[in-house]
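Spelled out, the chains give:
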Amino acid sequence: MSSENRSVAGSIPSSCLVSIFWAAEKLAKETGVDVVKLHVGDPYFDPSEDVAQAFVDAVRRGDTKYTGVEGLPALREAVAEKLRTDNGLDSHVDRVLISPGSAQGLTGLLQALAEPGAEILLPELHWPVHLQQSLLAGFRPVLYPLGPDFRPDPERIAAAATPRTRVLLINSPANPTGAVLDGGEIRALLDLARRNRWQVISDEAYEHFCYEGEHLSVASLEREVPVAERIVHSVFTFSKGFAMTGYRLGYVAPATDRMADVMKVVQEAGIIGTSTPVQHAGIAALASRADSTATNRKLVQRNRDVALPPLIKAGLLRELPPGGWYAMLDVSRSGLDAETFAMRLLERKGVAVVAGNGFAMRPDVDEQGRIRSHDYAPWARHLVRIAFCVDPAALETGVRRIIEFVEECAAEAKG
């Protein structure tokens, strides 16, 4: 093997998200088909006007120079206040770092936590980027099984762990399942991590989208723990609740002062700093967050409540997702595996969905952290993910076409 092919990055395949994205773009470009895009978590609503105005104002007054690697002081102070009042975290401003999107924040945090040979526990049905980020940081991923309704079971997680386990990742509300963990479940996971001296990463990108209960930030359960002994590192984004996907803005609240200092070094090496005008837009977003996030949650919940019930009636969806922006459908009635289903649905009906097996990739990793080979969990071979944060009319059209396609496929199979 040549040296250029021996890198860890060179062994990691693109995710299922990328392949369907480009397939949909190609179809639209070559045929002119108006593709119904249910494959991307991009909302149909926009940020509030004051967010755009703050960005434009910063550009026009020339506020476009570097900030510190940790972000604008004013934005960090606003984030710290939001964390205290909305999430129950007592993060000091010195333990708040601004990042160009939560994906970069997660990447930097994983790099800050990584050590040679360390393992990270990820759910067996996971956001593919979590897996990619872990491998690139140097972690060996260990996938833990999920119980009914895609919920984690502490006993099964403990059984999957090894002496090399160092980090447990929690994602609630979850992508791709929409599962929302309650207080008892989160406490059980935190207790498990503390007993085993693991660090915890809490990805809370969908914190504003809980439809059947309240969101609980994992780190809020550590308020009585001395800062130096805390283990929960929290990651948040402006992309979802504030509809600022293309702005690329997020933030990380490391558990300890030491970890915040380490992450500053990682950001110094990785990003230099987050876009200054975008950070001013973030300040404006936080100033009006109560109204905007509540409004945006209602818009997505309406989509869920109106457009998704026909999928339940058709036997493709077990229940309405309790949180997040996505639903996992079981299309086994079609007789097609997930990848074939997704491609034929796109070709025949002009609807883009994501093959669910791509969220259940199982890599075989060598001692250097390179993927030797990979397969997919067999139970995921008939799952597909749809996003229900999209335009209501497009969503209803897409759902109708999915049901029609499944019925057509089932009829064809019967001959």
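Going along each chain's sequence as written, the residues are numbered from 1 onward. Local features in this predicted model are restricted to residues whose pLDDT is 70 or higher, and side-chain atom pairs enter the listing and the counts only when it is 80 or higher, whereas totals over whole chains, interfaces and linings include all residues. The basis for the side-chain values is all heavy atoms of the structure; hydrogens and waters are excluded.

A.B. asks: Could you clarify how one ought to interpret the overall build of the protein in this entry?
C.D. replies: Helical segments are the DSSP runs of H or I of at least four residues, strand segments are the runs of E of at least two, and each set is numbered from the N terminus. Scanning the protein from terminus to terminus reveals 13 helices and 14 strands. For 415 residues, the compact-globule estimate of 2.2 N^0.38 gives 22 Å, and the protein sits close to it at 21 Å. Projecting the C-alpha coordinates of the protein onto the three principal axes gives extents of approximately 65 × 50 × 50 Å. Looking at the 415 residues of the protein, the share that counts as buried comes to 56%. Note on method: radius of gyration uses C-alpha positions; expected globular size equals 2.2 Å times residues raised to 0.38. When a residue's accessible area, from a 1.4 Å probe over protein chains only, is under 20% of the maximum for its type it is buried; when over 50% it is exposed; and in between it is partly exposed.

A.B. asks: Would you explain the sheet that holds strand S9 (residues 326–330) in this entry?
C.D. replies: Remark on secondary structure: sheet strands pair via backbone hydrogen bonds, oriented parallel or antiparallel. Should DSSP find at least two bridges between two strands, the strands are taken to pair. With antiparallel pairing, three strands are arranged side by side in an open sheet as S9-S14-S11. Whereas interior strands pair on both sides, the edge strands pair on one side only; in this sheet they are S9 and strand S11 (354–355). When S9 meets strand S14 (residues 383–387), the two strands line up antiparallel, connected through five bridges. Pairing of Tyr326 across the sheet is with Ala387, part of S14.

A.B. asks: So what exactly am I meant to see when it comes to the packing of helix H4 (residues 102–113) against helix H5 (residues 128–137) here?
C.D. replies: The relative placement of two packed helices comes down to the angle between their axes together with the axis-to-axis distance. For helices, the fitted axis covers only the stretch in contact; all axes are lines through C-alpha atoms, and the angles between them, taken along N-to-C directions, range from 0 to 180 degrees. The N-to-C vectors of H4 and H5 enclose an angle of 35°; their axes lie 9 Å apart at closest approach. Considering only the axes of H4 and H5, their crossing is right-handed. Residues Ala103, Leu106, Thr107, Leu110 and Gln111 of H4 form the contact with H5, whose participating residues are His130, Gln133, Ser134 and Ala137. Less than a right angle of anticlockwise turn of the near helix away from the far helix marks a crossing as left-handed, whereas a clockwise turn marks it as right-handed. Pairs of residues are marked as contacts when any of their non-hydrogen atoms sit within 4.5 Å.

A.B. asks: For this particular structure, what's the right way to read the UniProt feature "domain: Aminotransferase class I/classII large" (unreviewed entry) in the protein?
C.D. replies: As recorded in UniProt, the sites labelled "domain: Aminotransferase class I/classII large" (unreviewed entry) are residues 34–371. Each end of residues 34–371 is marked by a C-alpha atom, and these two atoms are 37 Å apart; helix forms 39% of the span and strand 15%. UniProt positions are given in the numbering used here, feature names are shortened, and annotations may be inferred rather than shown by experiment.

A.B. asks: Sorry, what's going on with the nonpolar core here?
C.D. replies: Nonpolar side chains in soluble globular proteins generally cluster together in the buried interior. Residues grouped as a nonpolar core are buried Ala, Val, Leu, Ile, Met, Phe, Trp, Tyr and Cys residues, joined through side-chain atoms within 4.5 Å. Within the largest apolar cluster, 86 residues are counted, with the highest numbers of intra-cluster contacts made by Ile201 and Phe238. Broken down by element, the residue count for this core peaks at six residues, all from helix H1 (residues 16–31). What Ile201 contacts, discounting residues up to four positions off in sequence, is Leu106, Leu109, Leu110, Leu113, Val167, Leu168, Leu169, Ile170, His233 and Val235. Phe45, Tyr206, Ala338 and Val384 belong to the second largest nonpolar core, which has 42 residues in total.

A.B. asks: I'm lost on helix H10 (residues 289–307) in this one. Help?
C.D. replies: Helical periodicity: at 3.6 residues per turn, an α-helix aligns residues three or four positions apart in one direction. An expected span of 1.5 Å times one less than the residue number is assigned to each helix. For H10, which comprises 19 residues, the first-to-last C-alpha distance of 27 Å matches the rise-based estimate of 27 Å (1.5 Å per residue) to within 8%. Where H10 is concerned, the buried positions are Arg289, Ser292, Thr293, Asn296, Val300, Gln301, Asn303, Arg304 and Ala307. Seen from one end, H10 has its buried residues packed into an arc of 160°, which puts them on one side. Exposed positions of H10 whose direction lies more than 90 degrees from the buried face are Ala290, Asp291 and Lys298. Against the buried residues of H10 lie helix H3 (73–87), helix H9 (276–287), helix H11 (309–313) and helix H13 (392–414). The arc under discussion is defined with respect to the helix axis, by the directions toward the C-beta atoms.

A.B. asks: How should the layout of surface pockets be read in this particular structure?
C.D. replies: Where empty space is left can be seen by rolling a probe of water-molecule size over the atoms. When its volume is computed, the largest pocket comes out at roughly 700 Å³. For the largest pocket, the lining is made up of 29 residues, of which Leu17, Val40, Gly41, Trp127 and Lys240 are closest to its centre. Counting residues per element, the ones that place at least two in the lining of the largest pocket are H1, H4 and H5. A total of four residues in the lining of the largest pocket trace back to one element, the largest contributor, which is H1. As defined here, a cavity is a set of points on a 1 Å grid over the protein atoms alone where a 1.4 Å probe fits but cannot get out. A pocket is an open set with protein on both sides within 12 Å along at least five of seven lines, and residues line them when an atom is within 4 Å of a point. Grid points are joined across faces, edges and corners, and a volume is the space filled by probe spheres set on the points.

A.B. asks: Help me understand empty space enclosed by the protein, please; the structure alone is not making it clear to me.
C.D. replies: Considering all chains together, one arrives at two cavities of 30 Å³ or more under this definition. Estimated volume of the largest cavity: approximately 170 Å³. Per-element accounting of the lining of the largest cavity gives the leading share, three residues, to strand S5 (residues 165–171). Approximately 90 Å³ is the volume found for the second largest cavity. Every residue lining the second largest cavity is listed: Leu89, Asp90, Ser91, Arg95, Ala219, Glu222, Arg230, Val232, Ala253, Pro254 and Ala255. Residues that form the lining of the second largest cavity fall into these classes: six nonpolar, one polar and four charged. Each residue is assigned to one of three groups, with Ala, Val, Leu, Ile, Met, Phe, Trp, Tyr, Cys and Pro labelled nonpolar, Asp, Glu, Lys and Arg labelled charged, and all others, Gly among them, labelled polar.

A.B. asks: Even after reading the chapter, I still don't get the side chain of Thr67, so can you show me in this structure?
C.D. replies: Inspection of the secondary structure puts Thr67 in the loop between helix H2 (49–60) and H3. Residue Thr67 is classed as buried on the basis of its relative accessible area of 15%. Ignoring anything within four residues of it in the chain, the contact list for Thr67 reads Leu72, Ile272, Thr274, Thr276 and Gln279.

A.B. asks: Hey, could you run me through the packing of aromatic side chains in this one?
C.D. replies: Two aromatic rings are characterised by how far apart their centres lie and by the angle between their planes. Any Phe, Tyr or Trp ring, taking Trp's six-membered ring, that has another such ring centre within 6.5 Å forms a pair; planes under 30 degrees apart are called stacked, those over 60 apart edge-to-face, and the others tilted. Scanning all chains against the criterion turns up 11 aromatic pairs. Both rings, one in Phe341 and one in Phe405, keep their centres 5.2 Å apart while their planes meet at 65°; by these two values the pair is edge-to-face. Of this pair, Phe341 sits in helix H12 (residues 338–349) while Phe405 is found in helix H13, placing the two residues 64 residues apart along the sequence. Overall, the relative accessible area of 0% leaves Phe405 in the buried class. Taken together through their ring pairs, the aromatic side chains of Tyr206, Phe209, Trp325 and Tyr326 make up a single cluster. Cation over ring: Arg385 sits above Tyr326, and NZ or CZ is 3.8 Å from the ring centre. Charge over a ring is defined by NZ of Lys or CZ of Arg lying within 6 Å of the ring centre and within 35 degrees of the ring normal.

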